[in-house]
Amino acid sequence: AGLSPSHIPTGTGTLQIAAPKSGTWSGDAIWQDNTLTSGVDISYNGNNPTWDITGLVYVPNSNVSITGAVGKDGLSCFALVDYTLSLSGTGAIFQDPQSQCRQAGLNPPAGPITRQTLVF
């Protein structure tokens, strides 16, 4: 009793993930169950753990705060679906992040990709 489960990456070291390039989970690096509503918020400062991620991070009920850089594991592709997003500090996640998404197995929306895309 008294457990507070966390459904987010935590700890030290490096979270090194390259999404599969084909199949059901093609392009999906991290997928958080959309029925989860607690223990889902992410406060990421760039090194606890370090994120080297290629693909989609799907955390639909998460309030995400990023103050550090998200690196890549291989191809240059980082997409984020979240509830809210706060960027400060370096917050370097949108510097040409989509240039290799198709090669990484993720098909971004058609048309020009902007630094921030709001989807309803």
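Keep in mind it's a predicted model, so treat the numbers as computed, not measured.

Thoughts on the packing of aromatic side chains
Tallied over the entire structure, the rule returns 3 aromatic pairs. Ring centres of Trp25 and Trp31 lie 5.5 Å apart, and the angle between their planes is 70 degrees; this geometry places the pair in the edge-to-face category. Among the aromatic residues, ring-to-ring pairing joins Trp25, Trp31 and Tyr58 into one connected group.

Let's talk about the environment of Ala29
Its place among the elements puts Ala29 in strand E2 (residues 28–31). If we ignore the near neighbours within four places in the chain, the residues touching Ala29 are Ile17, Ala19, Ile53, Thr54, Gly55 and Leu56.

With respect to the environment of Ile42
Looking at the secondary structure, you find Ile42 in strand E3 (residues 42–44). Spatially, the C-alpha atoms of Ile42 and Ser62 are 6.6 Å apart, while their sequence positions differ by 20 residues. Among all residues touching Ile42, those that are not within four sequence positions of it are Ile8, Trp51, Val59, Ser62, Asn63, Val64 and Ser65.

Points about the nonpolar core
Counting 13 residues, the largest nonpolar core has Ile42, Tyr44, Trp51, Ile53 and Val57 as the members making the most contacts within it. Within the residue set of this core, elements represented by two or more residues are E2, E3 and strand E4 (50–66). It is E4 that contributes the most residues to this core, 6 residues altogether. When neighbours within four sequence positions are excluded, Val57 is seen to be in contact with Ile30, Phe78, Ala79, Leu80 and Val81. Listed in part, the 7 residues of the second largest apolar core include Leu56, Tyr58, Cys77 and Cys101.

Concerning the state of the cysteines
All told, the structure shown has 1 disulfide when counted by the stated rule. The partner cysteine of Cys77 in its disulfide is Cys101, sulfur to sulfur 2.1 Å. Taking the sign of the S-S torsion, 95 degrees for the link of Cys77 and Cys101, the bridge is right-handed. Placement of Cys77 in the loop between E4 and strand E5 (78–87) and of Cys101 in the segment after E5 is noted, with a sequence separation of 24 residues between them. Using a relative accessible area of 2% as the deciding quantity, one classes Cys77 as buried. Judged by relative accessible area, which is 1%, Cys101 ranks as buried.

Scoring rules and cut-offs
- Residues numbered from 1 in each chain as written.
- Predicted model: local features only at pLDDT ≥ 70, side-chain atom pairs only at ≥ 80, totals over all residues.
- Heavy atoms only, no water.
- Phe/Tyr/Trp six-rings, centres within 6.5 Å; stacked < 30°, edge-to-face > 60°.
- Helix = DSSP H or I, 4+ residues; strand = E, 2+ residues; numbered from the N terminus.
- Contact = heavy atoms within 4.5 Å.
- Core = buried A, V, L, I, M, F, W, Y, C linked by side-chain atoms within 4.5 Å.
- Buried < 20%, exposed > 50% of the residue type's maximum accessible area, 1.4 Å probe, protein only.
- Disulfide = S-S within 2.5 Å.

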